[in-house]
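Now for the letters of each chain:
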Amino acid sequence: MNIAENIKYIGVNDHDIDLFEGQYVVENGMAYNSYLIIDEKTAVMDSVDARFGDEWLGKIKAALGEKAPDYLIVQHMEPDHSANISAFMKAYPQAVIVASAKAFAMMKQFYGSDYADRQIVVSEGDTLSLGGRELKFFTAPMVHWPEVIVTYDSTDKVLFSADAFGKFGALDVEEDWACEARRYYFGIVGKYGAQAQALLKKASTLDIKTICPLHGPVLSENLDYYLGLYNTWTTYGVETDGVMIAYTSVYGNTKKAALLLEEKLKEKGCPKVAVNDLARCDMAEAVEDAFRYGKIVLATTTYNAEIFPFMREFINDLTERNFKNKTVAFIENGSWAAMAEKVMRKMLEGCKDIAYAENGVHIKSALSEENLAQIDALADELCK
């Protein structure tokens, strides 16, 4: 695949993986992207996962023939992008690595060498000439590791964006970009919205025609759409007008309340309602929905004088990703000594710009007539 006349895609698709980073379900696999820039001098942009080293080196060889690449540009040191640095440097002993100072420190930690005699350290605003074109580097610390750089090719107006604009899924599978890019962003980068927003501001100063991330498809059309979504995500804004309901239920009574609320919201004209059974759904999907919608309902039982474990895990996932700018409502169930709402509020104390609904639902074992009225009132409030 050619990105431009002299920029080639040399990444790989992984359909053997079941859990990315040991936790994210990837039914459609994963892509590890690498790119080759051919000029008077030639640069390879990042490596790939360890299991695909031979395939990757074969693609470099097929593209260049007997010519050897001059540079390996390392934008990000996670092993799924850096694992074949040693193999590359062995195959091409005259090549030089271009990376940030922090990347070289990590390189030594991971692979035992920082190639001190074959390195170029770059930082914000530094450039590298390949002859007919010039690459410019921008630092992107904590998007989502501290050593990250991104690279801009002003000749073809390409931004090599490291893990920004990434997405789950292999490139030989057709699927909607936004869903899996959103799940990827909030799962992996979401804690670092301010840092990702800073990168967006740097990108806004550039004339970009193509974005080449390290995961997911190359983006070359409707860039305003992708940039707009990223701006919403990185500022923790509301992407979709609607309500997300997250629930856990032991004997089905809390579930009944959650589903009845869903029904009432739809009856009252709520534009979109997303419901997640936290014990059964993909937790990353639930986290994605919580950041997508502006209003969220947390429904759970009192359990061991606390809350049900899946709800605790879910709220922890939200708070560690800087959950903010939401309206939150509660449905609690407790046969005695109800504690669920109190515990959930306590867990959310550190979150910024959280508004709490005036109405809530307080179940004592099973739904009562009073609870039905509470659900109706909560639906009215959330639909305003």
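For the structure, see preceding data.
Here is what the cut-offs are and how they apply
- Residues numbered from 1 in each chain as written.
- Predicted model: local features only at pLDDT ≥ 70, side-chain atom pairs only at ≥ 80, totals over all residues.
- Heavy atoms only, no water.
- Axes fitted to C-alpha atoms, helices over the stretch in contact; angles between N-to-C directions.
- Helix = DSSP H or I, 4+ residues; strand = E, 2+ residues; numbered from the N terminus.
- Left-handed = near helix turned anticlockwise from the far one by under 90°.
- Contact = heavy atoms within 4.5 Å.
- Expected span 1.5 Å × (residues − 1).
- Buried < 20%, exposed > 50% of the residue type's maximum accessible area, 1.4 Å probe, protein only.
- Arc of directions from axis to C-beta.
- Salt bridge = Lys/Arg side-chain N within 4 Å of Asp/Glu carboxyl O.

## Section: the packing of helix H5 (residues 177–189) against helix H7 (residues 223–234)
Part 1: Where H5 meets H7, the axes come as close as 11 Å, and the angle between the chain directions of the two elements is 35°. Once H5 is placed against H7, the crossing between them reads as right-handed. Residue-level inspection shows Trp177, Ala178, Ala181, Arg182, Tyr185 and Phe186 of H5 in contact with H7, the latter providing Tyr225, Tyr226, Leu229, Tyr230, Trp233 and Thr234.

## Side note on helix H1 (residues 53–64)
Counting along an α-helix, one turn takes 3.6 residues, and residues three or four places apart therefore face a common direction.
Part 1: Taking 1.5 Å per residue as the helical rise, H1 with its 12 residues ought to reach 16 Å, and the 17 Å between its terminal C-alpha atoms agrees with that figure.
Part 2: Turning to H1, its buried residues number three or more, namely Gly53, Trp56, Leu57, Ile60 and Leu64. Relative to the axis of H1, the buried residues are bounded by an arc of 95° and lie together on one face. Facing away from the buried side of H1 by more than 90 degrees, the exposed set consists of Asp54 and Ala62.
Part 3: Close packing links the buried residues of H1 with strand S7 (35–38), strand S8 (42–45), strand S9 (71–73) and helix H3 (85–91).
Part 4: Directly after H1, the chain includes Gly65, whose backbone phi takes a positive value near 65°.

## Brief notes about the pattern of salt bridges
Part 1: For the structure on display, the rule yields 24 salt bridges.
Part 2: Residue Arg51 pairs with Asp14 through a salt bridge whose shortest N-O separation is 2.4 Å. With Arg51 in the loop between S8 and H1 and Asp14 in strand S3 (residues 12–14), this pair connects stretches of sequence that are 37 residues apart.
Part 3: In this structure, the salt-bridge partner of Asp317 is Arg321, at a minimum N-O distance of 3.8 Å. Residues Asp317 and Arg321 agree in their burial class; the two are buried.
Part 4: The network of salt bridges with common partners includes Asp39, Arg133, Asp153 and Asp156.

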